[in-house]
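Structural overview for review
Here are the chains, one letter per residue:
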Amino acid sequence: MKRLLLFSFMFSATTIFAQVDSLSHEMNLRDKVLNDIQNNFNTKTKSIDSTVTTLDKRLSNLDRSIAESKDAKDKADKLAQRLQAVEEKQKAIEANELNIFQANYQSAMVNLVSMDREIKPLMLFNSTKAFFNSLSETGNPMNYDGYTKWYNQYAAFVKEKKAESPVLNVTSNLLNFAGNFTKGAPVTGPITSALFSSMTTYIDNIGKKEKALKAQSEEMLTLTMKISQFNYDNDRIENEWESITAELQDLQKKFDKSLKENLAIIKTSPADFEANFSKENDAEKRYQYLTRLRDGAAKFVTAEREQNPKEWRQKAYIQMNDVQSLKQRFGQVTFRISQNLLKYKELFEKYKADPQLGSRIKDLEIKMKELQESFDKTFDPLEYINSANRMYKV
């Protein structure tokens, strides 16, 4: 059930998300806005660099003229011109710093809001559901031919003979405690020791003339043990899902907090964001909205420098770090999911040649391949991590 909790979390967004463009289109939209930011940054940087180069030449010429000048008035005039050039250069340097910071915070804003659609996609839902349903069915002996009928015979034997044998009495109590064994409770854990022992007792009590029943019982006991081992091996994979689920839930909380804070910074309400981005299906309208958000981020940085000249970088800088951390963690958790999915390949390799489990394992391999391919097409964990590391200009 742990992996079902994970994927129910991953795909628990409202049905509106099923109607949006593919995640790859969403990434293209994000990249388009990021390219706009880059182009605007490059244009401003080129202009500032040109200004600084021109001022450096002017300063060099003025320094030479000052050094060569013999006239006090002329030298004073040149010194005044030099002071003005230095001030203009300082303004250009400050403009460049503002340009960098605006671009960085705009990048943070666009990457953050884009995660709204990356963190809750429904694209894998159908294949995930099919795969994990089949996995659960494979781990339930009741789904195998002849097992239910045989199990009912065995259970009747346990009920009838429990007063005569401590082992059967313990087994009866454990089966009653488990309650839903016949509905598919995993045959793993402490119950299996008593279960196997009582099944052996049942087989030993089958008359010599009932050769077919005895052969079938031995086959069913073997199947039970194999499924028990399969579930044990599968549980080792599922344990990782529990940790991944916790990580995803924490990531979601931090994302929601960061989104709320950054929308407030640029004076945008959550309702406005939801209506114009989260629920908006028109790609062009989402592009225009992202453009508005990144313009708001740039205006915020400018206003902060004017209103708080000593610590104008601080507020945006904190948010930039938080967004970068979120993006890195998203890459890391998708990488963990990808690696855990690969563990099923090793699990299936172990059982696919088995005459009792093999056909079901081969069916699982097909569904697993579909799931893995869907995941790989949708997510690129290393790209998330690498893009997070290079998302800022400095």
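Each value, and the rule that gives it
Residues numbered from 1 in each chain as written. Predicted model: local features only at pLDDT ≥ 70, side-chain atom pairs only at ≥ 80, totals over all residues. Heavy atoms only, no water. 1 Å grid on protein atoms, 1.4 Å probe; cavity = no way out; pocket = protein on both sides within 12 Å on 5 of 7 lines; lining within 4 Å. Points joined across faces, edges and corners; volume = space filled by probe spheres on them. Helix = DSSP H or I, 4+ residues; strand = E, 2+ residues; numbered from the N terminus. Nonpolar A, V, L, I, M, F, W, Y, C, P; charged D, E, K, R; others polar. Expected span 1.5 Å × (residues − 1). Buried < 20%, exposed > 50% of the residue type's maximum accessible area, 1.4 Å probe, protein only. Arc of directions from axis to C-beta. Core = buried A, V, L, I, M, F, W, Y, C linked by side-chain atoms within 4.5 Å. Contact = heavy atoms within 4.5 Å. pLDDT = per-residue confidence, 0-100. Phe/Tyr/Trp six-rings, centres within 6.5 Å; stacked < 30°, edge-to-face > 60°. Salt bridge = Lys/Arg side-chain N within 4 Å of Asp/Glu carboxyl O. Patch = residues over 30% accessible without salt bridge, like charges linked within 9 Å, V, L, I, M, F, W, Y side chains within 5 Å. Areas by Shrake-Rupley, 256 points an atom, 1.4 Å probe, with all protein chains shown as cover. Lys, Arg positive; Asp, Glu negative; His and termini not counted. Charge placed at Lys NZ, Arg CZ, Asp CG, Glu CD. Bend = angle between axes of the 7 residues up to and from the residue. Axes fitted to C-alpha atoms, helices over the stretch in contact; angles between N-to-C directions. Parallel < 35°, antiparallel > 145°, perpendicular 65-115°, else oblique.

**Quick notes on the layout of surface pockets**
- As a volume, the largest pocket reaches approximately 440 Å³.
- Among the secondary structure elements, those contributing two or more residues to the lining of the largest pocket are α2 (23-68), α3 (72-118) and α13 (381-389).
- Class assignment of the residues belonging to the lining of the largest pocket gives a composition of eight nonpolar, six polar and seven charged.

**Details of helix α12 (residues 358-378)**
- Under the 1.5 Å per step criterion, the end-to-end length of α12 is 30 Å for 21 residues, consistent within 8% with the ideal 30 Å.
- Of the positions making up α12, those classed as buried are Gly358, Ile361, Leu364, Lys367, Met368, Leu371, Gln372, Phe375 and Thr378. Along the long axis of α12, the arc covered by the buried residues comes to 165°, so they all point the same way. Residues of α12 that are exposed and point over 90 degrees away from its buried face: Ser359, Ile366, Lys369 and Lys377.

**Section: the nonpolar core**
- Counting residues in each nonpolar core, the largest one holds 87 residues, and the members touching the most others are Tyr105, Phe131, Tyr147, Trp150, Tyr154, Tyr344 and Phe348.
- The leading source of residues in this core is helix α8 (residues 211-265), at 15 residues.
- Setting aside residues up to four positions removed in sequence, tyrosine 154 forms contacts with Thr171, Leu175, Leu195, Ser198, Met199 and Tyr202.

**Details of the confidence of the model for the protein chain**
- Chain-level pLDDT for the protein chain is 87 on average; 89% of the residues reach the 70-or-more range.
- This stretch, residues 122-127, has a pLDDT under 50; its non-local contacts, to residues over four places away or in other chains, come to 16 contacts.

**As for the packing of aromatic side chains**
- Taken as a whole and judged by the stated rule, the model has 20 aromatic pairs.
- Measuring from ring centre to ring centre gives 5.6 Å for tyrosine 147 and tryptophan 150, while their planes differ by 55°; the resulting arrangement is tilted. A residue pair is termed a helical-turn pair when its members lie 3 or 4 positions apart in one helix, as tyrosine 147 and tryptophan 150 do in helix α5 (residues 147-161) at three residues.
- Take tyrosine 147: its relative accessible area is 0%, and that puts it in the buried class.
- On the basis of relative accessibility, which here comes to 0%, the residue tryptophan 150 falls in the buried class.
- Taking 5.4 Å as the distance between ring centres and 25° as the angle between the ring planes, the aromatic pair formed by phenylalanine 273 and phenylalanine 277 counts as stacked. Separated by four residues within a single helix, phenylalanine 273 and phenylalanine 277 lie in helix α9 (residues 270-278), roughly one turn from each other.

**Examining the pattern of salt bridges**
- Scanning the model with the defined rule gives 20 salt bridges in all.
- The partner of aspartate 31 in a salt bridge is arginine 30, and the shortest N-O contact between them spans 3.2 Å.
- The network of salt bridges with common partners includes Glu247, Asp250, Lys254 and Arg329.

**Describing a negative patch on the surface**
- On the surface, Glu370, Glu373, Asp376 and Asp380 cluster together into a negatively charged patch.
- With respect to the element layout, aspartate 376 can be found in helix α12.
- For aspartate 376, a relative accessible area of 43% puts it in the partly exposed group.

**A few points about α8**
- The end-to-end C-alpha distance of α8, which contains 55 residues, comes to 79 Å, matching closely the 81 Å that a straight helix rising 1.5 Å per residue would cover.
- Roughly 30° is the biggest bend found in α8, and it falls at arginine 236.
- In the segment just after α8, lysine 267 is the residue with positive phi, at about 55°.

**Details of the packing of α9 against helix α10 (residues 283-307)**
- Relative to each other, α9 and α10 sit at 140°, their axes nearing to 9 Å. Taken together, α9 and α10 sit at an angle that is classed as oblique. Only Arg286, Tyr289, Leu290, Arg292 and Leu293 of α10 make contact with α9, whose side of the interface consists of Asp272, Phe273, Asn276 and Phe277.
- Considered class by class, the residues forming the contact of α9 with α10 number five nonpolar, one polar and three charged.

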